[in-house]
Each structure stands twice: as C-alpha cells, then as structure tokens.
Amino acid sequence: MCGIVGYVGPQAAVDTVVNGLRRLEYRGYDSAGVAVVAGGRLHLAKKAGKLGNLEKELAEHPLPTSGLGIGHTRWATHGGPNDVNAHPHLSAHERVALVHNGIVENYVRLRGELEAAGLTMTSETDSEVVAHLVAQQVEAGARLDEALRTVCGRLEGTFTLVAVDSQDPTAVVAARRNSPLVVGVGQGENFLASDVAAFIEHTREAIELGQDQVVRITADAIEVTTFDGSPAEVRPYHVDWDLSAAEKGGYDWFMRKEIHEQPRAVADTLLGRYDANARLTLDEIRISEDELRSIDKIVVIACGTAFYAGMVAKYAIEHWTRIPCEVELASEFRYRDPIVGPTTLVVAISQSGETADTLMAIRHAQQQRARVLAVCNTNGSTIPREADAVIYTHAGPEIGVASTKGFLTQLVACYLLGLYLAQVRGTKFGDEIAAVMRELAAMPDAIAAVLDGIQPVLDLAAEFVDAPSVLFLGRHVGYPVALEGALKLKELAYIHAEGFAAGELKHGPIALLENDLPVFAVVPPKGRDMLHAKVLSNLQEVRARGARTVVLAEEDDHDVTPYADVLIRLPRVSTLLQPLVATVPLQVFACELASRKGHDVDQPRNLAKSVTVE
Ligand code: F6R
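Note that the coordinates shown come from a computational prediction; the quantities given were computed from them, not determined experimentally.

### Quick look at the overall build of the chain
In step 1: Helix and strand counts for the chain stand at 18 helices and 24 strands.
In step 2: Taken over the C-alpha trace, the chain has a radius of gyration of 25 Å; the compact-globule value for 614 residues is 25 Å, and the two agree within 12%.
In step 3: Summarising its shape, the C-alpha atoms of the chain cover approximately 80 × 55 × 45 Å along the three principal directions.
In step 4: Of the accessible surface of the chain, which amounts to about 22,100 Å², a share of 49% is contributed by carbon and sulfur atoms.

Pasting the structure below:
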C-alpha cells in the first residue's frame with residue numbers, strides 16, 4: 001500500500017510528482033505529500049485526505065521551482081491519517097526528506113534509541129524514525145545512497161524508501177525490501193515509483209529493482225547496488241501498455257471502465273496460448289512436463305477476490321486433472337503448518353503481484369520445496385519474480401480498487417492451467433480440451449453480450465439503493481461467484497452483504513430472510529440437472545419467506561421463471577465457465593449502487609489496491 005514517486009530532470013518536479021501520485025492514488029488515499037529541493041533547502045507540502053487536498057494546498061502555497069522531488073500517497077498503518085503523519089517526513093535539521101511504503105517492525109526500539117539521544121519525534125509513524133537515521137549518516141559525511149544502505153541493514157520489516165538530501169540537488173535515492181519499486185528510464189530525466197503507471201506518460205522503459213537493492217537516480221544516470229554496496233544486475237523491460245490504458249476514457253469510474261474492458265482482457269489473456277489444433281502452449285511455465293506429471297497435489301493460495309478465483313480453479317482443476325486441489329487463504333496458509341512438499345504445485349493468484357500475505361505464503365511453500373506458479377497481472381512485480389513459473393493475465397492496468405477484470409482474467413488463467421495440466425498428464429482427450437478452448441474463445445463475445453444487456457441491472461441498483469442488506473446464493477462454481485458479488489457490495493456500498501453456498505442456507509442463514517430482503521441467486525446451466533434442480537428448491541425456500549429474488553439464469557431456462565421476482569439472463573455456457581458471465585452483473589450492480597449512494601467507487605473507504613502489509 002502507499003504510492004511513492006521520485007523525479008529528477010528538467011520538468012517541474014512538483015507537477016510531475018503530483019501527476020504521478022494521481023495515478024498511484026489507488027494504492028492509498030489517507031493523505032498525500034510532496035517535497036522538493038531548491039536553494040539548498042527542502043520545501044514540503046502535505047495534507048490529510050485525498051490528493052485533491054494537497055493540490056489545493058499547493059495552489060494556495062506553491063513550492064519553489066525545482067527539478068528534483070519526491071511524493072507519497074498514504075494508506076495509514078502507524079499513526080492516524082492526519083497532516084502530521086503524512087509523508088514526506090523530515091529529519092531533525094531538515095537535511096533529509098523521506099517517504100516510505102511498508103512497515104518497519106523494529107521501529108519502537110529504533111525510536112527509543114533516537115529519543116534517548118535527544119531527538120523529538122513529530123509524528124507517530126515508523127517512517128519518521130528512518131528519516132532521522134538516514135540523516136545521522138548523511139550528517140556524518142555519508143552520501144545519501146551509502147546512508148540508506150547502512151540504515152536498511154538495521155531495519156526489520158517491509159519497506160520501499162525514497163529520500164532526498166537538501167545538500168544534493170542532483171539525486172533521488174531509494175531502497176526496497178518486500179515492497180514494490182520500479183525505475184522509469186527517461187531521456188535526460190529519471191523516475192522512481194511504486195508502479196509504472198506513475199511515469200507511463202513520460203517513458204515506457206523501466207527497470208525492476210530486485211530485493212534488498214538501493215538505487216540512485218540523477219537526470220542522466222541510474223546506479224543500482226545491493227544493500228552491501230556491490231553493483232547489482234539490472235533487469236530492464238518495456239511496458240506494453242500506454243497512458244490511455246491508465247485513463248478513464250469517458251467513464252465515470254475506472255471500475256466501470258474496467259468492467260467494460262473485460263471482453264478485451266479475456267481475449268488478451270487467451271492470446272497466443274493455443275495453436276490451431278487447440279494444443280496449449282504456456283511458454284511462461286518454466287516447470288518441465290516431467291515435473292508437472294509428478295505433481296500429486298495442488299494448493300491454490302490467494303486473498304480476497306483472487307481467493308474466489310482460486311475456489312473456481314479448484315472445481316475446474318480437479319474435474320479436468322483429477323489432482324487433489326486445495327484452496328487456502330494466503331493469510332492463513334503458513335500459520336497452520338501446511339503439508340506441502342516437492343510434489344506439490346502451489347498456485348499463487350495475485351492481480352498486483354505484491355500482496356504481502358500471498359508473498360509470505362509462497363516463500364513458506366518454497367522452503368518446503370514445493371514448486372510455485374504465479375497467476376499475476378503485473379509484470380515485474382515480486383510474486384511472479386519469486387515464483388518458479390508464471391501465467392500472466394493480460395488485463396492491462398487495473399486502477400479501480402475493487403478487482404473486476406483482474407478476477408475474470410484470473411479465472412481464464414486458471415482454466416488454461418487446468419487444461420494444460422490435463423494435456424500434459426493425459427487426463428483429458430485432445431478433442432475434449434479443444435472443445436473447452438473453443439468455448440473459452442467465445443467468452444469475450446458472451447461477456448460483451450452480458451454488458452450489452454446490462455440496463456436492468458442498473459435499474460435494479462437504483463431500486464435497491466436503500467437496501468440495508470443483500471444476500472447472494474450459489475452452488476458449485478456459483479458459490480464463489482456469490483461470495484464475489486457480496487464482497488463487491490460490501491467494499492463499495494458499505495452495506496451488509498453475504499454470499500452463501502445455497503445448500504447451507506437451511507443450516508442457519510435462512511434466519512436472516514425477511515420480507516423484501518434482496519437475495520441474488522446464481523442458477524447453474526441446465527445441463528447439470530441435479531445441481532439446477534437443487535438451486536430451484538433453495539429459491540423456493542427463499543421465496544416462501546418473503547424475500548425478493550434476483551435470479552441469474554441462462555437464456556431459455558424457463559424453469560426458473562416462477563421463482564424469480566427479477567430475472568437476469570446469462571448467455572448459454574457450460575457450468576465450469578459460468579463464473580465468467582455470471583460475475584459481470586454483480587460487478588455492475590455493486591458499482592452502480594455505490595455510485596448512487598454517492599460513494600467514491602474507485603477508492604472505497606479504508607481500502608487500498610495493493611496490500612503490502614500482512
Ligand atoms: C476486492 C479486491 C481484493 C483483492 C485482494 C488480493 O475487490 O480487489 O480482495 O483481490 O486484496 O489482491 P491481489 O490480487 O493483488 O493479490
């Protein structure tokens with residue numbers, strides 16, 4: 001969490017940094033700040049609340065012109081979201097300004113040391129401690145990068161740090177451990193940021209910084225060293241999306257734009273993954289076919305929405321490969337002493353590739369010698385870098401904090417993985433795999449059809465805008481869809497919403513039913529007759545208690561009509577793939593309802609896009 005920007009070059013640093021922060025605001029929006037070096041001094045502005053507050057402050061009290069600056073947009077961990085705790089933090093004699101993303105776990109001890117030496121802290125943050133420690137080194141004669149290396153050696157926890165020295169108007173210095181940082185390589189200017197979106201309008205050339213590395217950028221040079229001072233190998237890459245992908249393109253919210261991008265995102269994620277005979281070629285899987293044949297267990301780990309993609313993956317993978325597959329919340333995984341070993345494939349699903357819970361879980365799995373495959377949307381992020389193999393989803397940048405196209409493309413990647421394993425292990429015939437691939441190839445059109453007919457869902461959101469509670473039901477792969485529908489509504493509309501396996505209703509939650517309570521139900525396609533019939537029985541139970549049913553069912557399914565107060569039609573697809581179409585109306589419903597409530601859909605309260613703390 002937290003977005004960080006650093007700039008050095010001929011442009012006005014304040015504007016460049018603030019523009020960068022705007023594109024990183026999805027990472028945290030509790031406060032924002034910027035610092036520049038001019039005339040041998042540091043100049044600082046910071047404000048609680050969204051970036052707009054900082055911009056207002058800068059308009060009223062402009063900072064001096066400078067070609068070097070740093071900025072930060074915060075998701076609060078230590079200390080409340082107020083002006084004082086906002087970053088950048090200054091050292092005691094205003095020699096150093098520093099911004100931080102992450103948590104310094106031993107800060108209480110370090111703070112005690114500094115206070116014993118007579119320093120007074122102005123904020124409650126762990127970050128301010130680091131600013132003082134770095135300044136002590138610089139004041140003793142160290143160059144800023146040297147100082148940062150020394151201090152990083154003393155820090156425990158996760159951090160990206162970016163700092164400037166008031167006495168050096170040529171360089172911005174940064175360090176990273178378990179927290180993201182990329183370098184933007186410009187012409188006569190260079191950038192640092194948590195994410196390439198911050199500098200994509202200036203350059204698409206980037207360098208991913210490795211673990212425990214320090215980088216010093218000037219306008220013309222980039223020096224990368226390890227924490228012990230040796231030169232580090234740099235890994236440049238080209239960003240294959242541009243500014244327009246990171247802009248709203250006429251939509252009111254990034255989330256709405258991203259929902260509508262899903263046909264394209266799904267098509268892009270399928271691109272190049274199979275030949276004319278529907279034989280899958282997953283080039284990025286750097287695990288040999290022999291190793292894949294020796295796998296006797298799959299464990300999917302992920303958080304939040306990505307976890308629900310993992311739940312769908314379990315149904316598909318077990319069905320196609322007959323390999324036992326568990327799904328586990330990444331935040332729980334390593335604390336229960338999981339049984340994994342060299343013949344376990346751990347599949348880590350993460351849109352951002354930076355989720356700390358997931359990262360720590362894969363490290364634990366690797367210590368047990370399991371092979372780790374990442375499903376990830378962010379090139380150059382930590383999780384795919386540390387994994388043994390990766391399937392990149394090609395959703396493009398997901399800016400809205402609530403995941404939408406990230407989820408659908410994770411589903412596609414998991415289907416591809418399941419089918420690939422089935423192909424390698426011979427658990428499905430080629431023509432069976434080809435049939436599913438044909439269906440997957442048709443999915444972009446099916447999703448587009450759902451979006452074309454979305455008006456009734458928008459109307460429904462208007463009708464339910466004051467509903468205090470909404471329930472979601474599903475069975476089989478419809479169950480994770482129900483959970484995802486509820487999560488979207490909770491995080492965006494801030495109302496009580498719960499997803500249940502429809503069969504569980506009678507074991508307790510049925511007590512929640514009352515007159516007019518909206519209950520969404522995902523009805524499986526009719527091909528699975530038992531499953532279909534069971535969901536209809538569950539719907540009957542709901543209706544009998546006066547709740548209002550909103551039924552998502554495939555076109556031509558006339559059996560559902562008597563059970564539906566509102567019917568939302570889905571294209572005909574097979575059961576396992578139904579989440580790709582059934583999730584979309586639920587995303588739209590949550591987006592629209594939250595929008596009508598006047599909430600900030602792209603930046604829901606208390607959340608951040610990339611959760612880099614455990
Ligand atoms: C919900 C949402 C979160 C993320 C979760 C994992 O809309 O976006 O629940 O899915 O924080 O994030 P990633 O996929 O980046 O690991």
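### A closer look at the sheet that holds strand β11 (residues 205-208)
Within a sheet, adjacent strands bond to each other through the backbone by hydrogen bonds, running parallel or antiparallel.
In step 1: Spatially, β3-β2-β4-β1-β10-β9-β11-β14 is the arrangement adopted by the eight strands of the open sheet, whose pairing is antiparallel. In this open sheet, the two edge strands, each paired with only one partner strand, are β3 (41-48) and β14 (235-238). Each adjacent strand pair in this sheet contributes to an overall mean axis angle of 20°, direction not counted.
In step 2: Helix-sheet contacts for helix α1 (residues 13-24) involve β1 (3-8), β2 (31-38), β4 (68-74) and β10 (190-193), and the interaxial angle to β1 is about 155°.
In step 3: Sitting on the sheet, helix α2 (residues 51-60) is in contact with β2 and β3, with an inclination near 135° to β3.

### Points about the environment of E614
In step 1: Looking at the element boundaries, E614 is found in the segment after α18 (579-596).
In step 2: Sequence-wise, E614 and M360 are 254 residues apart; in three dimensions their C-alpha atoms are separated by 8.5 Å.

### A short note on helix α5 (residues 144-152)
In step 1: Among the nine residues that make up α5, seven are buried, leaving the element largely enclosed by the rest of the structure.
In step 2: Along α5, the residues that are buried comprise L144, D145, A147, L148, R149, V151 and C152.
In step 3: Buried positions along α5 lie against β6 (96-104), α4 (126-139), β7 (157-165), β8 (172-177), β12 (213-217) and β13 (222-226).

### Some remarks on helix α14 (residues 430-452)
In step 1: With 23 residues, α14 extends 34 Å from end C-alpha to end C-alpha; this agrees with the ideal 33 Å at 1.5 Å per step.
In step 2: At M443, α14 is deflected by roughly 40°, the largest bend along its length, and proline P444 occurs up to four residues later in sequence.
In step 3: The complete set of buried residues in α14 reads I433, A434, V436, M437, L440, M443, P444, A446, I447, V450 and L451.
In step 4: Each element contacted by the buried residues of α14 is listed here: α6 (254-260), α7 (262-270), α9 (304-321), α13 (405-425) and α18.

### Overview of the domain arrangement of the chain
In step 1: Segmentation of the chain into domains returns domain 1 (3-246), domain 2 (254-445) and domain 3 (455-596).
In step 2: Averaged C-alpha coordinates put domain 1 and domain 3 at centres separated by 45 Å.

### Concerning the site of the ligand
In step 1: Around the ligand, a shell composed of 15 residues is seen, among which S350, Q351, S352, T355 and E491 lie nearest.
In step 2: Between V401 and the ligand, the recorded distance is 3.4 Å, taken from a backbone N or O atom to an oxygen atom.
In step 3: Within the side chain of K488, a nitrogen or oxygen atom sits 3.0 Å from an oxygen atom of the ligand.
In step 4: Sorting the residues of the shell around the ligand by element identifies α9 and α16 (478-493) as the ones contributing at least two each.
In step 5: Looking at the shell around the ligand residue by residue, the classes come out as five nonpolar, eight polar and two charged.

Definitions and limits used
- Residues numbered from 1 in each chain as written.
- Predicted model: local features only at pLDDT ≥ 70, side-chain atom pairs only at ≥ 80, totals over all residues.
- Heavy atoms only, no water.
- Helix = DSSP H or I, 4+ residues; strand = E, 2+ residues; numbered from the N terminus.
- Rg over C-alpha atoms; globule rule 2.2 N^0.38 Å.
- Areas by Shrake-Rupley, 256 points an atom, 1.4 Å probe, with all protein chains shown as cover.
- Pairing = 2+ DSSP bridges.
- Axes fitted to C-alpha atoms, helices over the stretch in contact; angles between N-to-C directions.
- Contact = heavy atoms within 4.5 Å.
- Buried < 20%, exposed > 50% of the residue type's maximum accessible area, 1.4 Å probe, protein only.
- Expected span 1.5 Å × (residues − 1).
- Bend = angle between axes of the 7 residues up to and from the residue.
- Domains from an automatic or database assignment.
- Near = heavy atom within 4 Å.
- Polar contact = N/O pair within 3.5 Å; in protein donor to acceptor, adjacent residues only side chain to side chain.
- Nonpolar A, V, L, I, M, F, W, Y, C, P; charged D, E, K, R; others polar.

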